[in-house]
Amino acid sequence: MMLALEMYRSPAKYLAAKAVGGRIPGILTGPAAPLRLVTINEPKAEREGWARIRPILSGICGSDLGMVTGSTKLYFSAMVSMPFVPGHEIVGELLDDCQDLPKGTRVVMDSVLTCVARGVEPCQGCASGNTNRCDRITVGHVAPGLQTGFCQDTGGGWGNVMVAHRSQLYAVPDGMSDERAVLTEPLACAVHTALRAKVEPGQSVLVSGAGAVGLFATLALRELTQAGRITVVAKHAKQRELARAFGASDVVAPDEVFRGVRRSTGAFRLKPEMAKEFLLGGVDIAVDAVGSKDSIDTVLRVTKAGGRVVLSGMPASGADLSPVWFRELELTGTYASAREEPNDQPAFQTALELAAKAPLDGIVGARYPLYRWREAIDHAHSAGRLGTVKVAFDVRAS
C-alpha cells in the first residue's frame, strides 16, 4: 500500500469549479476539488521493460492545475482513465533494475505513453521519432492515458510509488541536484517549442507569458536558436528579472505589448471600432505560453503577415482567428516533446544539458509534502504573484 493524491471522476465538482472557481479561488482546493489523499495499492511492474520508481520531487504543472480547477477541456476526457494519480514532472529513484539501468539510479521521465510502452506496433508518429504524436495512447496493455500522470495503471509522481517503461527514462547525471533534475520535463517541452518555432537567424520573437512555460521557452530560444530580439511579456517583478536572466532582450508588461512591439519593429498600429487594436507589421514569430483568450488574441495581433504563431500553453476558447486568415499566419501547436528533434537528439537529452548549466537555482521555489496538497495547489495557482516559478511535492517527506 502507498500514500497518493488521487484524481477521481466527479461531474458535479467539475461543473462547480468551472462555474465559480474564477470568482472564489478557495473553492478550487476545497469542496470543488476532485482530488483526495488516499492509501491505495502500489502499481505493478509486471511486464518486460517496466520498473517501479520512488518519486523524490514531483512538479505541479499548468495542466495539473487545469484538471483540478475544471479548466481543462472535455476534449481530453477520452484520453485518461479514472481514477489516476497525477504527476508527470518527476525525478525519482528506480526500485528495480530496468534493463541497462540498475536499481537505485536516479531518473527523470518522458511522460508520453507511446506504442513501445503499450506493447503495440509503432504508429506513424512513433516510427518517425515524433513520439509526442502517438496515435495509440488508448490501446495496448496499459489503460488509456495520454501521459503517465493521467493513466490509472501507471500511478504518477504525486504518490509514493509509480511505474514507467524503459523507453521513458533518462538517467540523471551525477552531481545534478534533485531541484534541477525535476525541471527536465518542462525544459524538454521548451526545447520542443523552440525547435518547432523554426526561428531563422536574426528573427524577432515575442514570448507571451513568463511563468515556467514562458521562461523556459525563452531560455531554449536563446540557447538553441539564432533569434535576434526576444521580447517577453511578464506581469510580475520576479518574472521580469528571470526573463532577462534567461535571455530576453526586452521585457514588457501585458498593457505595453502593442507599444513595445510597434516601437521595436516599426509596425503600424490600427484601432478598429469597438474591437482590440492590432499591428500591420510586427514580430516574425510569437509564442503563446499562457493559453488564455487574451494572450492568444494578443500574439495573433502583433505578428507580421506571413509570420508564425506557436501555441505552447494549452489554449482557451474564444480567441478571434481573424488575423490568422487576413495576415496568412502560420499557426503551430507544440505538445510535450519528441524523441527525435530537429537537432538530432531527444528533447530530454538537450533538456538535461540545459538543466546542468542554466541559471536555475531557486526556480523550484516551494516544496510541500503530499498531505499539504491544498496549500501546494493554492501556491502553484498564485505562483507568479508570489514570485515562484515552480512548486513541487517533496514525496519523500510524505
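Residues numbered from 1 in each chain as written. Predicted model: local features only at pLDDT ≥ 70, side-chain atom pairs only at ≥ 80, totals over all residues. Heavy atoms only, no water.

A closer look at the packing of aromatic side chains
Thought 1: Under the criterion given, the structure shown has six aromatic pairs.
Thought 2: Here Tyr75 and Phe76 contribute two aromatic rings whose centre-to-centre distance is 5.1 Å and whose plane-to-plane angle is 80°, an arrangement assigned as edge-to-face.
Thought 3: Taken together, a centroid distance of 6.4 Å and an interplanar angle of 25° make the contact between Phe216 and Phe246 stacked. One end of the pair, Phe216, is in helix α7 (residues 212–224); the other, Phe246, is in the loop between α8 (237–245) and β10 (250–252), and 30 residues separate them in sequence. (Phe/Tyr/Trp six-rings, centres within 6.5 Å; stacked < 30°, edge-to-face > 60°. Helix = DSSP H or I, 4+ residues; strand = E, 2+ residues; numbered from the N terminus.)

Topic: helix α6 (residues 184–196)
Thought 1: For α6, built from 13 residues, the straight-helix expectation of 18 Å at 1.5 Å per residue is met to within 8% by its first-to-last C-alpha distance of 18 Å.
Thought 2: Among the 13 residues in α6, 11 count as buried, and that is most of the element.
Thought 3: Three or more residues of α6 are buried, namely Thr184, Glu185, Pro186, Leu187, Ala188, Ala190, Val191, His192, Thr193, Ala194 and Leu195.
Thought 4: Each element contacted by the buried residues of α6 is listed here: β5 (106–109), α5 (178–181), α7, β13 (283–288), β14 (303–311) and α12 (347–357).
Thought 5: With its phi angle positive at about 50°, Lys198 sits one or two positions after the end of α6. (Expected span 1.5 Å × (residues − 1). Buried < 20%, exposed > 50% of the residue type's maximum accessible area, 1.4 Å probe, protein only. Contact = heavy atoms within 4.5 Å.)

Digging into the sheet that holds strand β9 (residues 230–233)
Thought 1: A sheet is described by the order of its strands in space; here six strands give the open sequence β10-β9-β8-β13-β14-β15, paired in parallel fashion. Across the chains shown, the open sheet's two edge strands, defined by having one partner strand only, are β10 and β15 (330–333). Averaged over neighbouring strand pairs, the angle between their axes works out to 20° when direction is ignored.
Thought 2: Sheet topology note: the β14/β15 ladder contains four bridges and is parallel. Within the sheet, the bridge partner assigned to Arg308 lies in β15 and is Glu330. (Pairing = 2+ DSSP bridges. Axes fitted to C-alpha atoms, helices over the stretch in contact; angles between N-to-C directions.)

As for the domain arrangement of the protein chain
Reports often express the size of an interface as the amount of accessible area lost when the parts come together.
Thought 1: By domain assignment, the protein chain separates into domain 1 (2–172 + 362–397) and domain 2 (188–336).
Thought 2: Centre-to-centre, using C-alpha coordinates, domain 1 lies 28 Å away from domain 2.
Thought 3: For the pairing of domain 1 and domain 2, the buried interface totals around 1100 Å² over both sides, and the portion due to carbon and sulfur atoms is 67%.
Thought 4: In this structure, the connection of domain 1 to domain 2 is made through zero salt bridges.
Thought 5: Of the residues that constitute the side of domain 1 that touches domain 2, the class distribution is five nonpolar, six polar and four charged. (Domains from an automatic or database assignment. Buried area = accessible area lost by both parts, 1.4 Å probe. Salt bridge = Lys/Arg side-chain N within 4 Å of Asp/Glu carboxyl O. Nonpolar A, V, L, I, M, F, W, Y, C, P; charged D, E, K, R; others polar.)

Considerations on the UniProt feature "domain: Alcohol dehydrogenase-like C-terminal" (unreviewed entry) in the protein chain
Thought 1: Mapped onto this numbering, the UniProt entry annotates "domain: Alcohol dehydrogenase-like C-terminal" (unreviewed entry) at residues 212–354.
Thought 2: Along residues 212–354 the backbone is 37% helical and 22% strand, and the end-to-end C-alpha distance reaches 14 Å. (UniProt positions renumbered as here; feature names shortened; annotations may be inferred.)

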